Amino acid sequence: MGKFHTLAAVAAALSSLAVSSPVAATPASDAAALRKLDIMLMVSSLRCRFGGDNFQSDYEQFSTSQHTTMQAAYATLQADYNARLGPAKAKKALDTISVSMANQYGQGHPWLGCGDLKVMTRDLAGTGDRARLLAVADDVLRDSPSAVYLASRR
């Protein structure tokens, strides 16, 4: 299977996740997943910027097109942390989460390569479906690939 076909299969498998993933989350957990997805893509785009699969422009498009969704997610997360910890501790906790995510993905995604991430980022930049963003986040933020992803690779 050629590189284009492999990347297209990854995008198709990730796109199908919105239909196959159960939704039983809280607003705060959804907000955390979106925040983590955004950070993972940002850090990965920086990490991949010198190779043939540079996707910084795709991440910039994602960031622009998903700005409202990501800002709303951060506001939800911030309100939840403020209510539980108070403003000062909430700010520190949110900063810690961001740094932790950046450090986690600074060495690379555990199972997606730069080409896979490029296709996924480009695909997600064009969606207006928050449920789809959440489903993809649920899948790609795992330490190992899901059965859906593995089936798409066959």
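Residues numbered from 1 in each chain as written. Predicted model: local features only at pLDDT ≥ 70, side-chain atom pairs only at ≥ 80, totals over all residues. Heavy atoms only, no water.

Q: Looking at this structure, I do not really get the overall build of the protein chain. What am I missing?
A: When helices and strands are tallied, the protein chain shows eight helices and zero strands. In the protein chain, the succession of helices and strands from N to C terminus is α-α-α-α-α-α-α-α. Pairs at least 24 apart in sequence give 80% of the contacts found in the protein chain among residues at least 6 apart. Approximately 8,200 Å² of the protein chain is accessible, and the part contributed by carbon and sulfur atoms is 55%. (Helix = DSSP H or I, 4+ residues; strand = E, 2+ residues; numbered from the N terminus. Contact = heavy atoms within 4.5 Å. Areas by Shrake-Rupley, 256 points an atom, 1.4 Å probe, with all protein chains shown as cover.)

Q: How should the pattern of salt bridges be read in this particular structure?
A: Any two side chains of opposite charge can pair, so long as their charged atoms come close to each other. Tallied over the full model, the rule gives seven salt bridges. Between aspartate 58 and arginine 122 there is a salt bridge, with its nearest N and O atoms 3.0 Å apart. Placement of the pair is aspartate 58 in helix 3 (residues 56-65) and arginine 122 in helix 6 (residues 114-125), with a sequence separation of 64 residues. Overall, the relative accessible area of 48% leaves arginine 122 in the partly exposed class. Two residues, arginine 142 and aspartate 138, come together in a salt bridge whose shortest N-O distance is 3.2 Å. Using a relative accessible area of 36% as the deciding quantity, one classes arginine 142 as partly exposed. A cluster of three or more residues bridged by salt bridges with shared partners is formed by Asp138, Asp139 and Arg142. (Salt bridge = Lys/Arg side-chain N within 4 Å of Asp/Glu carboxyl O. Buried < 20%, exposed > 50% of the residue type's maximum accessible area, 1.4 Å probe, protein only.)

Q: So what exactly am I meant to see when it comes to the nonpolar core here?
A: Soluble globular proteins tend to pack their nonpolar side chains together in the buried interior. Counting residues in each nonpolar core, the largest one holds 33 residues, and the members touching the most others are Leu37, Met40, Leu41, Phe62, Met120, Leu124 and Val140. Counting only elements with at least two residues in this core, the list comes to helix 2 (27-47), helix 3, helix 4 (67-85), helix 5 (87-106), helix 6 and helix 7 (130-140). For this core, the element with the most residues is helix 2, which contributes nine residues. (Core = buried A, V, L, I, M, F, W, Y, C linked by side-chain atoms within 4.5 Å.)

Q: It is not clear to me how helix 4 should be interpreted in this structure. Could you clarify?
A: Two residues of an α-helix separated by three or four positions point the same way, owing to the 3.6 residues in each turn. Given a rise of 1.5 Å per residue, 19 residues ought to cover 27 Å, and the 26 Å separating the end C-alpha atoms of helix 4 matches this to within 8%. Summarising the contacts, the buried residues of helix 4 are in contact with helix 2, helix 3 and helix 5. A positive phi of about 90 degrees marks glycine 86, the residue just after helix 4. (Expected span 1.5 Å × (residues − 1).)

Q: Teacher, can you tell me more about the packing of aromatic side chains here?
A: The geometry of an aromatic ring pair comes down to the distance between the two centres and the angle between the two planes. This structure, assessed with the given rule, holds one aromatic pair. Ring centres of tyrosine 59 and phenylalanine 62 lie 6.0 Å apart, and the angle between their planes is 35 degrees; this geometry places the pair in the tilted category. Note that tyrosine 59 and phenylalanine 62 are positioned in helix 3 at a spacing of three residues, about one turn of the helix. Its relative accessible area of 0% is what places phenylalanine 62 among the buried residues. Taking NZ or CZ as reference, arginine 84 lies 4.8 Å from the ring centre of tyrosine 81, over its face. (Phe/Tyr/Trp six-rings, centres within 6.5 Å; stacked < 30°, edge-to-face > 60°. Lys NZ or Arg CZ within 6 Å of the ring centre and 35° of its normal.)

Q: Would you mind showing me how to read the state of the cysteines here?
A: What makes a disulfide is a covalent bond joining the sulfur atoms belonging to two cysteines. What the rule picks out here adds up to one disulfide. Covalent S-S linkage joins cysteine 48 and cysteine 114, the inter-sulfur distance amounting to 2.0 Å. Looking along the S-S bond of the cysteine 48-cysteine 114 disulfide, the torsion reads about -80 degrees, which is the left-handed sense. Highlighted residues: cysteine 48 in the loop between helix 2 and helix 3 and cysteine 114 in helix 6, separated in sequence by 66 residues. We classify cysteine 48 as buried; its relative accessible area is 3%. (Disulfide = S-S within 2.5 Å.)

Q: What is the right way to read the confidence of the model for the protein chain from this model?
A: Caution is warranted with low-pLDDT regions, since their predicted coordinates should not be read in detail. Scored by pLDDT, the protein chain comes out at a mean of 86, with 82% of its residues at no less than 70. The spread of mean pLDDT over the elements of the protein chain runs between helix 1 (residues 3-20), the lowest at 43, and helix 3, the highest at 98. Within the model, the stretch residues 1-23 combines pLDDT values under 50 with 32 contacts to residues more than four positions away or in other chains. (pLDDT = per-residue confidence, 0-100.)

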